[in-house]
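Residue strings, one per chain:
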Amino acid sequence: MSEPSDIDENLGEVDAGEAQGGATASEGIAPSSEVDPETNPDEEAEEEIPEEIQYEAAVGATSTGIATNNALRSLSRAARSFLLYEPRNQAIRDFLQDYRENMNATLAAHGTMALDIRPFEMTRDGEVVYIERDRERSLAFRLFRDGVRRITLEPGVAWEELLRLLEILSIRYTGIRQSEDDIVTLLWKAGFKHIGIVAVEGFVPEEERPEGSLADQVDLGRVKKRRRRPGVAHIDAPPDFDSPFPNFDEQASAEWVEVPQDRLAAIASEADSLHLPKTTVHLISRLLRVVQDATDPTELSDVLPLINEVRDFLLSEGQLEHLTALVRVLESHRDLNEDEIDAVLGRCADTRALRRILQSVGKGSETLPPELVELLEMIPSEHLQHLMDLLVEERGSASRRLTRLLIEHFVRETWDPGFVFERMHREVSGVLVDILRATSRAIPDRSLQEAVQLASHQALEVQMEVLWVLGRSDDEALVESTLLQMLNSDYAEVRVRVLEYLHDYGSKAVFQPTADMVQKRSTRGITDRECEAAGKVLSVVDPDRAKPMMLEWIRPPGMFKRFVEMPGAQAMQRTAMHGLADVPGKEVDKVIRWLSERCAEEIYKVCMKTLVHRRKEGLSRD
Amino acid sequence: MTDDEPWVEDAVEDPVTNHDDEILESQERLGQALDKARAGEDRALAVAVREDGEKFVRVFYGLLRMLRLHDLDNEAFARPISDLSTTVEQLCGLLGAVNVVCVEEQVYLNDIRIRFDESAESGRMMGAELLRHRIGGITMHAPLSEEQIRRMVEIFAEEPDETAPRTAIATALSKAGIEQMELFGVFRFRVTGEAKVDHTTTSSRHSEEEVVAIVDRGADLVEDSLDNLGASRMPNPLPLRRVVTEIIEGGVGAEGLWDEPGAINQFGAHVVRVSRLSLIIGRALGLSDEALQDLGVAALFHDMGYGAREGAVAATATSAAIEGYTPPYERHAAAGARLLLRQRGFHPAKIQRILSTLEHHDDFDGPVGKPSLFARIIRIAEDFDNLIRSNGGGLTSGDALSRMVPHAGTRYDPDLLQLFVNALGKHPPGTMMLLNEGSIAVSIGVCRNRATFDKPVVRVVRDSAGNVPEDDVVVDLAKESGVRLVLNSRPESLKR
């Protein structure tokens, strides 16, 4: 008896024709029980489903049938979605949600779902609830050809089980074939409690007493002569196999002794999947010891494929601790073949590997795990390049944070970070910012030089990052000159931040550029925030010049300017009021009051607010 | 924004939908499962089997169809015959024996279902062609030459014999010198639960037949595996896994499981017994069925190192091949691991298998550290069987056990060894004893519980008068009779 298994030609690759083909419902299918679109609540949702997946016919003559059909099509879509989308695509989340909702709703409303599987359709209590004749797409066909003949889902089935069922089907849909498991084995191993499967277990001879070659193999006697197949080279184990035996001279009586359950459980747990990562590293260690043995013909090339598989397994599981242990083992055997070992080690820390590690480590990790640093330091690799590659691909905040921390670490250790900055300048703004942040922490002086070059970068986030770098620097002259340059930024947020810095640290030299900025921007667009910030800067950096200038901004000299509002006047008035808000003197109040009598509503409010502030602060006196 | 975070716009994960954590976690999990499954996939093997398997069927059926229209002498046959010969050679090189089964319009090659282009219908039609001769499957144990292919096609194209069509084909093939092909009858699918033997109600004789069949099949498969591995082919655990499943489903301690199957296949029989003994320990330990299956398979592979050929050198243009030699005892464990390393694709069972093969002679307290669980189990099972087998220690079962007990904690895991002792009982299967009433019996069952530790189920082999009983007499010593004396001889010493 043999168990059937399957090869699917998709083998994980998307069939371009299939994806683009605009699949429609199978030809020739026009069941009289087809659902009336006007009554099908899923029609709208159906239209949103990509054409590649929107292919199965909506069938069902009864409400139970319709609901079951919806649930099965949801299952089919979800399983096929992994063929068409990257596993972490949002579309897959939509399909999962759809599957969960439809399946739960159907089971709750219509009870146990007992499905008979036929080559291209599924039936429930004799009613066709699923049909798809395209072998590539049909859920029924896939189940049937893999040996499943009946599936029963009970109400109360946990999402865990539904997910497991989907997992098995998804693996089959993407065409993955393992030499250890087939679908029947996978279903058996799943150990479903609320999902029943009836499946073929293999094929058996149809004849009671087969003729031909089988006949002479059926021998019920106790001694059987094995028929050797001619034409095949035979290997016989030596007659003294397993010899010599160890010494067994001592004897002792065999008695029953109860073994405590906790000890048994501890031993049995060694077979759990939780122990597998440790076991894999142990195996590699043992094998490399064999390779090291000069008397044994096992070579490193025999073991390398397994080492790669173990490495990939540990990466996929996010097993940082055991991955580090594996690297230690490999490091200790580098003398076997440095190039080969280095190649393996390199793939423990390439971009793909780093992504996996950081995704598993990143969640909830605010600081850099020391074992991660240890791991990377053991591996000779272009870590900084890989880390920067990762920043391009990885947008999860936790992973990015860890990546920045790693860049910071390795930038400190590299003797010439020039290539990092070269790369930084070539990158898109988001990545540039991350790199600049990391390098600023590691080598602030050099980073400042690079940041200054980015002061007029077109991206807002880059300019903001430059400001952050400037804010941490002690080089006052360079900082101030750069800030003044950035006063011309196209972004109001940048200008405001610049003004805030200038307020805190600016010298008198910033007075005129600030005043010029206000005047220039007053007619081109300046925000209230900028006006406020600019006014304060002017008052702080050079109060002697600020007061008369701002008083003029509020009440310009000359009749013409007083009676005809000049372009940009409101902005300058606003700026001046903020600037003069804390300057003592009746004269200021007088001018503000003058303005309040002839200005627009908006400015009037500012005037009043300023006057009130001044009165409270006692600034209205000379 | 913290001081640590650059100023970036907040990334909106799900701007439209609002997926709950369960869905997000499910997606992550499914992605990981697919990644894991891909890691376990031997893509090269899959592609090769799929492509060559499809080609085999397509060309074979094509030849049969052509033969209806043209003579075999026609030049048009030359290319497909050559193709078919090459394909078979490639498949044999990769898989060893190539087993093609047609069942209910499906075609399986070494248990892998072959898909065909929907329009071609090759698979279905080939099945129909074979069915004419009441053939459901063929196995090719070695490549076929072009001339053999030619003859084979000619034979299959003939009209079926009316009385014994398959035998006629087999005879014709043999006469044509095609010895490496084996034919099988028609198959059908077996559905779960169908036709399972109820071991609680059938007679022990019927159980024994089944057990003998399972054990024989297992022993043959072990030998086949040895041949394949020795010929540098890929390890194939699937058929062995099925044998283990049958053993597990039949009850690892089923009665009648302890009779030696025969004298010819000593090595295969030893390996299967080690597997069964390992399963007894595994069951006592409380391993899951999945882990038990992996353990049983690992045990079936544990001595495969004897199939390796050290020092073998392939033939070159100027020199003949050097056959090589069997590794000595000291290296057979490592040799076995080396052979198993050929299997590609990560799988937990493979890891356990290679490790246990490598460590199965290591001591519990050895210098390289505690061996893996499966290795510790197989060590106990193997040493026991080596002590009792007729071409090994030749000891009685009870004697063997008593000689292992002193080494608990040094050679053997003490807890596992105790489980083994508890499971086999005071009088392990195969122990000969003189019963109270004077008959001679052989223990045939494992220990059922503590109360029956020294009261096994036995089969009477000589009645009190010294005669062989006419019927099968099985006595449960927990219910009747008792052991007067344990005999220091082995069952085969008594002539039937």
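Not measured: the values here are computed from a predicted model.

Each value, and the rule that gives it
- Residues numbered from 1 in each chain as written.
- Chains lettered and ligands numbered in written order.
- Predicted model: local features only at pLDDT ≥ 70, side-chain atom pairs only at ≥ 80, totals over all residues.
- Heavy atoms only, no water.
- Helix = DSSP H or I, 4+ residues; strand = E, 2+ residues; numbered from the N terminus.
- Buried < 20%, exposed > 50% of the residue type's maximum accessible area, 1.4 Å probe, protein only.
- Areas by Shrake-Rupley, 256 points an atom, 1.4 Å probe, with all protein chains shown as cover.
- Contact = heavy atoms within 4.5 Å.
- Salt bridge = Lys/Arg side-chain N within 4 Å of Asp/Glu carboxyl O.
- Polar contact = N/O pair within 3.5 Å; in protein donor to acceptor, adjacent residues only side chain to side chain.
- Axes fitted to C-alpha atoms, helices over the stretch in contact; angles between N-to-C directions.
- Parallel < 35°, antiparallel > 145°, perpendicular 65-115°, else oblique.
- Left-handed = near helix turned anticlockwise from the far one by under 90°.
- Nonpolar A, V, L, I, M, F, W, Y, C, P; charged D, E, K, R; others polar.
- Phe/Tyr/Trp six-rings, centres within 6.5 Å; stacked < 30°, edge-to-face > 60°.
- Lys NZ or Arg CZ within 6 Å of the ring centre and 35° of its normal.
- Expected span 1.5 Å × (residues − 1).
- pLDDT = per-residue confidence, 0-100.
- Pairing = 2+ DSSP bridges.
- Patch = residues over 30% accessible without salt bridge, like charges linked within 9 Å, V, L, I, M, F, W, Y side chains within 5 Å.
- Lys, Arg positive; Asp, Glu negative; His and termini not counted.
- Charge placed at Lys NZ, Arg CZ, Asp CG, Glu CD.

Draft legend 1. Summary view of the overall build of chain B. Each helix and strand counted, chain B has 15 helices and 11 strands in total. Looking at chain B as a whole, 57% of its 496 residues qualify as buried. Of the roughly 19700 Å² that chain B leaves accessible, carbon and sulfur atoms contribute 50%.

Draft legend 2. Spatial organisation of the overall build of chain A. Each helix and strand in chain A was counted, giving 29 helices and six strands. Burial status across chain A gives 54% buried among its 622 residues. Of all intrachain contacts in chain A linking residues separated by at least 6 positions in sequence, the fraction that spans at least 24 positions is 70%.

Draft legend 3. Expanded view of the pattern of salt bridges. Summed over all chains, the structure comprises 54 salt bridges over all chains. Notably, a salt bridge pairs arginine 598 of chain A with glutamate 597 of chain A, separated by 3.9 Å at the nearest N-O pair. On the basis of relative accessible area, arginine 598 of chain A is assigned to the partly exposed category, the value being 44%. Under the relative-accessibility criterion, glutamate 597 of chain A is labelled exposed at 61%. Residues arginine 283 of chain B and aspartate 289 of chain B are paired through a salt bridge, measuring 3.2 Å at the closest nitrogen-oxygen approach.

Draft legend 4. Inspection of the side chain of histidine 332 of chain B at higher detail. Along the polypeptide, histidine 332 of chain B turns up in helix H11 (residues 329-340). Relative accessible area serves as the criterion here: at 0%, histidine 332 of chain B is assigned to the buried category. Polar contacts involving the side chain of histidine 332 of chain B include one to the side chain of tyrosine 306 of chain B, which spans 3.5 Å. With near-sequence residues (within four places) excluded, histidine 332 of chain B lies in contact with Asp242 of chain A together with Asp303, Gly305, Tyr306, Pro327, His360 and His361 of chain B.

Draft legend 5. Fine view of the packing of helix H16 (residues 397-413) of chain A against helix H18 (residues 429-442) of chain A. Residues and elements named next belong to chain A. The interhelical angle for the contact between H16 and H18, taken along N-to-C directions, is 45°, at an axis separation of 8 Å. With respect to H18, the element H16 is oriented oblique. When you trace H16 past H18, the crossing you get is right-handed. Between H16 and H18, the contacting residues are Arg400, Arg404, Ile407, Glu408, Val411 and Arg412 on the first element and Asp434, Arg437, Ala438, Thr439, Arg441 and Ala442 on the second. Residues belonging to the contact of H16 with H18 are distributed by class as follows: four nonpolar, one polar and seven charged.

Draft legend 6. The arrangement of the packing of helix H11 (residues 320-332) of chain A against helix H14 (residues 370-378) of chain A in detail. All names here are of chain A. It is the contact of H11 with H14, at a shortest axis distance of 10 Å, that shows an interaxial angle of 30°. In terms of orientation, H11 and H14 fall into the roughly parallel class. Here H11 runs over H14; the crossing is left-handed. Facing Leu320, Leu323, Thr324, Val327, Arg328 and Glu331 of H11, the residues of H14 in contact are Glu371, Leu372, Glu374, Leu375 and Met378. In the contact of H11 with H14, the residues fall into six nonpolar, one polar and four charged.

Draft legend 7. Structural view of the packing of aromatic side chains. Taken as a whole and assessed by the stated rule, the structure comprises nine aromatic pairs over all chains. Residues phenylalanine 120 of chain A and phenylalanine 141 of chain A carry aromatic rings whose centres are separated by 5.4 Å and whose planes lie at 10° to one another, so their mutual orientation is stacked. Placement of the pair is phenylalanine 120 of chain A in the loop between strand S2 (113-117) and strand S3 (121-124) and phenylalanine 141 of chain A in helix H5 (residues 139-145), with a sequence separation of 21 residues. Classification of phenylalanine 141 of chain A as buried rests on a relative accessible area of 4%. Among the aromatic residues, those joined into a ring-pair cluster are Phe241 of chain A together with Phe267 and Tyr306 of chain B. For arginine 149 of chain A, the ring lying beneath its charged end belongs to phenylalanine 144 of chain A, and the centroid distance is 3.7 Å. A cation over an aromatic ring shows up here: arginine 437 of chain A above the ring of tryptophan 468 of chain A, its NZ or CZ 3.6 Å from the ring centre.

Draft legend 8. Seen up close, H16 of chain A. The end-to-end C-alpha distance of H16 of chain A is 25 Å, a good match for the 24 Å that 17 residues give at a rise of 1.5 Å each. Most of H16 of chain A sits out of view: 13 of its 17 residues are buried.

Draft legend 9. Inspection of the confidence of the model for chain B at higher detail. Residue and element names in this part refer to chain B. Confidence along chain B averages 81 in pLDDT terms, with 83% of residues attaining 70 or more. Taken together, the stretch residues 9-17 has pLDDT below 50 and engages in nine contacts with residues farther than four places along the chain or on a different chain. Across the assembled chains, the prediction reports ipTM 0.78 with pTM 0.71.

Draft legend 10. Looking closely at the environment of alanine 571 of chain A. Residues and elements named next belong to chain A. With respect to the element layout, alanine 571 can be found in helix H27 (residues 569-580). Judged by relative accessible area, alanine 571 falls into the buried class, the value being 10%. Apart from the residues lying within four places of it in its own chain, the contact partners of alanine 571 are Ser522, Ile526 and Cys531.

Draft legend 11. Quick look at the sheet that holds strand S11 (residues 483-486) of chain B. Residue and element names in this part refer to chain B. As summarised here, the arrangement of the five strands in space is S10-S9-S8-S7-S11, forming an open sheet in which the pairing is antiparallel. At either margin of the open sheet sits one strand with a lone partner, and together these are strand S10 (474-476) and S11. Between one strand axis and the next, the sheet turns through 40° on average, direction left out of account. For strand S7 (residues 432-435) and strand S8 (residues 440-443), the ladder comprises three bridges, and the chain directions are antiparallel. Counted as the bridge partner of leucine 434 is isoleucine 440 from S8.

Draft legend 12. Main features of a negative patch on the surface. A contiguous patch of negative charge on the surface is contributed by Asp335, Glu338, Asp339 and Glu340 of chain A. Summarising the element assignment, aspartate 339 of chain A is placed in helix H12 (residues 338-346).

Draft legend 13. Region of interest: the environment of glutamate 86 of chain A. All names here are of chain A. Assignment of secondary structure puts glutamate 86 in the loop between helix H3 (63-84) and helix H4 (90-110). The exposure class assigned to glutamate 86 is exposed, which follows from its relative accessible area of 60%. Along the backbone, glutamate 86 and aspartate 542 are 456 residues apart, and their C-alpha atoms lie at a distance of 60 Å.

Draft legend 14. Main features of unusual backbone geometry. The peptide bond linking serine 243 of chain A to proline 244 of chain A adopts the cis configuration, its omega dihedral lying at 5°. Structurally, the position occupied by proline 244 of chain A is in the loop between strand S6 (195-205) and helix H8 (261-268). Of note in this structure, serine 481 of chain B is not a glycine but carries a positive phi near 60°.

Draft legend 15. Structural context of the side chain of arginine 376 of chain B. Residues and elements named next belong to chain B. Positionally, arginine 376 belongs in helix H13 (residues 373-388). When its relative accessible area of 4% is taken as the criterion, arginine 376 is described as buried. A polar contact of 2.8 Å, which involves the side chain of arginine 376, links it to the side chain of aspartate 413.

Draft legend 16. Just the confidence of the model for chain A, in detail. Residue and element names in this part refer to chain A. When pLDDT is averaged along chain A, the result is 82, and 81% of the positions lie at 70 or above. Contacts of residues 1-47 to residues separated by more than four positions or lying in other chains number 111 contacts, the stretch itself having pLDDT below 50. Segment residues 212-225 is flagged for pLDDT under 50; beyond a separation of four residues in sequence, or across chains, it makes 28 contacts in the model.

Draft legend 17. Geometry of the pairing of S8 of chain B. Residue and element names in this part refer to chain B. Alternating residues of S8 divide into Ile440 and Val442 and Ala441 and Ser443, and every residue in both groups is buried. Adjacent in sequence and paired antiparallel, S7 and S8 are bridged by four residues, among which glycine 438 carries a positive phi angle near 100°. Relative to strand S9 (residues 457-462), S8 runs antiparallel, the two being bridged by four bridges. Bridging across to S9, isoleucine 440 finds its partner in arginine 462.

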